[in-house]
Amino acid sequence: MTEQKFLPFALPDIGEEEINEVVDALRSGWVTTGPKTKQFEADFAHFLGGGVEAIAVNSATAGLHLALEAVGIGPGDEVIVPSYTFTATAEVVRYLGAHPVVVDVDPVTLNISPAAIRAALTDKTKAIMPVHFAGLACDMDAILAIAREHKLKVIEDAAHALPTTYQGQLIGTLGSDATVFSFYANKTMTTGEGGMVVSKDKDLIARCKVMRLHGISRDAFDRYVSKTPAWFYEVVAPGFKYNMPDIAAAMGLHQLKKIGRFHQQREAMAARYDRELAGLPLILPARPALATDQHAWHLYPVRLQPEAGVSRDDFIVRMAEKGIGCSVHFIPLHRHPVWRDGYQLKNADFPVADAAFEAEVTLPLYTRMTDADQTRVIAAVREILGA
Ligand SMILES: *Cc1c(COP(=O)(O)O)cnc(C)c1O
């Protein structure tokens, strides 16, 4: 057997353009939030279109916190979240003293179930946080209709959803209160750590801007470039420290320029997995309801069917023995002690998310994978499944 190097589950795709721009930030003397962050925000808003504004933050988690704060979520409020997500979606609700109300997902898409949202509504419900799992848009018509009917806020966790479309419109432009993207290392574009809050609501953006930097009415760069004395500022609220530094925005400027190419590559790799894994005892990831819509393909999640004759855990061990890294998305919220014990959540209350978790494996899918890498992954999956 020839020795093959380990194929990691994910890798960022960073070129000389990003490296040179970061070096430029370092040499410029302005390393924190400044001209590159402003440019990145403008470019991002322009990329999405639809009249949105964008503000850069140091993580999507920070952005979700800011957005919930800006729409007025506070102690005792209830915010509906899917179980099938990363803990960040729920933890930000707790930051504000509100309660995440965890609901089950749709068996086909693994996105939050509109029926489950309706069943969870109480007179304390204030907001819904849809998560576009793996990069596939949630049923936003149904979710926005529930929100209108019950006067609820909608904050989209779009950590997986750049660039995802829903009925031809990019996620971020649908008119929910705010949408938050992540630029964590393994997302569809990266700034190392980082996130973006996007909204058409100018008041919401203004509040997020102030709260992102200690509740200060002017940020350091505004003070640096404006005519009023640079030393003067006023604190108008007890804010946070969530601004994105220019060193990170420098990467984002070039990653964003490449997002079209990145997406084409991901789309082609997903299509190849679909073709070459068809007919195996696997549930392949759901496609958008409209064939013309775009899946971001942040992840390629498959579910082992009982006929596969191998447990999820054993499957991952055997892939690792063949030098291939896999992951699991997600260990659902109701399985984590903090949410399970804190809110008395039971596996049986989330039958879809729980069964999906037991069967789910995320295969490697990223732009630095070669055709030969993908051939290896497909061959390994087929061999383990006895095909
Ligand atoms: C990655 C992720 C986040 C958090 O993003 P950060 O930028 O790391 O804070 C939030 N929600 C989901 C669904 C994610 O996958």
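Residues numbered from 1 in each chain as written. Predicted model: local features only at pLDDT ≥ 70, side-chain atom pairs only at ≥ 80, totals over all residues. Heavy atoms only, no water.

1. What to know about the side chain of Thr 37
Threshold: Numbering of helices and strands runs from the N terminus, with a helix taken as a DSSP run of H or I at least four residues long and a strand as a DSSP run of E at least two residues long. Whether a residue is buried, partly exposed or exposed follows from its accessible area with a 1.4 Å probe, protein chains only, as a fraction of its type maximum: under 20%, in between, or over 50%, in that order.
Topologically, Thr 37 is positioned in helix 2 (residues 35-48). By relative accessible area, Thr 37 is classed as buried at 1%.

2. Remarks on the packing of aromatic side chains
For any pair of aromatic rings, the description consists of the separation of the ring centres together with the inter-plane angle of the planes. Test applied: Aromatic pairing here means that ring centres of Phe, Tyr or Trp (its six-membered ring) are within 6.5 Å. Orientation follows from the plane angle: under 30 degrees is stacked, over 60 is edge-to-face, and everything else is tilted.
All chains considered together, the criterion is met by 12 aromatic pairs. Seen in terms of ring centroids, Phe 240 and Tyr 242 are 5.3 Å apart; in terms of plane orientation they differ by 15°. Their pairing is stacked. The exposure class of Phe 240 is partly exposed, given its relative accessible area of 21%. Residue classification places Tyr 242 among the buried residues on the basis of a relative accessible area of 16%. Here Trp 339 and Tyr 343 contribute two aromatic rings whose centre-to-centre distance is 6.4 Å and whose plane-to-plane angle is 20°, an arrangement assigned as stacked. Following the ring pairs from residue to residue traces out a cluster consisting of Phe 40, Phe 44, Phe 181 and Phe 183.

3. Some points on the domain arrangement of the protein chain
Reports of interface size often rely on the accessible area that becomes lost once the parts have come together. Cut-off, in case you're wondering: Those domain boundaries reflect an automatic or database domain assignment. When checking whether two residues touch, look at their non-hydrogen atoms; a contact exists if any pair is within 4.5 Å. Summed over both partners, buried area is the accessible surface (1.4 Å probe) that two parts give up on being assembled. Each salt bridge in this description consists of a side-chain nitrogen of Lys or Arg and a carboxyl oxygen of Asp or Glu lying within 4 Å of one another.
Structurally, the protein chain comprises domain 1 (16-257) and domain 2 (259-384). Taking only C-alpha atoms, the centre of domain 1 and the centre of domain 2 are 25 Å apart. With 43 residues of domain 1 at the interface, the matching set in domain 2 holds 33 residues. Taken over both partners, the interface formed by domain 1 and domain 2 buries close to 3,100 Å², and the fraction arising from carbon and sulfur atoms is 65%. In this assembly, domain 1 and domain 2 are joined by zero salt bridges.

4. Observations concerning the UniProt feature "modified residue: N6-(pyridoxal phosphate)lysine" (unreviewed entry) in the protein chain
To be explicit about the condition: UniProt positions are given in the numbering used here, feature names are shortened, and annotations may be inferred rather than shown by experiment.
According to UniProt, the feature "modified residue: N6-(pyridoxal phosphate)lysine" (unreviewed entry) maps to Lys 187 in the numbering used here. Along the chain, Lys 187 falls in the loop between strand 8 (178-182) and strand 9 (195-199). Not counting chain neighbours up to four residues away, the residues in contact with Lys 187 comprise Ala 159, His 160, Ser 182, Arg 266 and His 298.

5. So, the site of the ligand
The line we're drawing: Note on definitions. A residue lies near a molecule or strand when any single heavy atom of the residue is within 4 Å of it. Polar contacts, as used here, are pairs of N or O atoms within 3.5 Å; protein pairs need one atom able to donate a hydrogen and one able to accept it. Residues neighboring in sequence count only if both atoms are side-chain atoms. Per-residue and other accessible areas follow the Shrake-Rupley method at a 1.4 Å probe size, with only the shown protein chains counted as cover for residues.
Taken together, 15 residues surround the ligand, and among them Thr 61, Asp 157, His 160, Ser 182 and Lys 187 come closest. One nitrogen or oxygen atom from the side chain of Asp 157 is found 2.7 Å from a nitrogen atom belonging to the ligand. Computed on the free molecule, the ligand has an accessible area of 380 Å², of which 91% lies beneath the protein chains in the complex. Those elements that provide at least two residues to the shell around the ligand are helix 3 (60-70) and helix 4 (87-95).

6. Focus: helix 4
Taken as a whole, helix 4 has its buried residues at Ala 88, Thr 89, Ala 90, Val 92 and Val 93. Residues of helix 4 that are buried in the fold lie against helix 3, strand 2 (78-82), strand 3 (99-103), strand 5 (153-157) and helix 12 (337-342). Note on helix 4: the residue one or two positions beyond its end, Gly 97, has a positive phi of about 80°.

7. Digging into the sheet that holds strand 3
Under the convention used in this document: Strand pairing is assigned whenever DSSP detects at least two bridges linking the two strands. To obtain each axis, a line is fitted to C-alpha atoms, and for helices this fit is confined to the stretch in contact; angles are then taken between N-to-C directions over 0 to 180 degrees.
Spatially, seven strands are ordered 1-9-8-5-4-2-3 in an open sheet, and the strand pairing comes out mixed. Edge positions in the open sheet fall to strand 1 (53-57) and strand 3, since each of these has one partner strand only. On average, each strand axis in the sheet is tilted by 25° relative to the strand beside it, whichever way the strands run. In terms of strand pairing, strand 2 meets strand 4 (residues 125-128) through three bridges, oriented parallel. Bridge assignment links Glu 78 to a residue of strand 4, and that residue is Thr 125. Running at roughly 170° to strand 8, helix 3 makes contact with strand 1, strand 5, strand 8 and strand 9 of the sheet.

8. So, the pairing of strand 8
Both faces of the sheet carry side chains from a regular strand, because those side chains alternate between them. The element strand 8 is extensively covered by neighbouring structure, given that five of its five residues are classed as buried. By the alternation rule, side chains of strand 8 split into Ala 178, Val 180 and Ser 182 and Thr 179 and Phe 181, which are all buried. In this structure, strand 5 lies alongside strand 8, joined through three bridges in parallel fashion. Of the residues in strand 8, the one forming a bridge with Glu 156 is Thr 179. For strand 8 and strand 9, the ladder comprises four bridges, and the chain directions are antiparallel. Looking across to strand 9, one finds that Ser 182 is bridged to Gly 195.

9. Some remarks on the sheet that holds strand 11 (residues 300-304)
Strand order in the open sheet formed by three strands is 10-11-12, and the pairing between neighbours is antiparallel. Because the sheet does not close on itself, it has two edges, and the strands there are strand 10 (282-283) and strand 12 (360-363). Of the pairings in the sheet, the one linking strand 11 to strand 12 comprises four bridges and is antiparallel in character. Looking at strand 12, one finds that Val 302 is bridged to Val 361.

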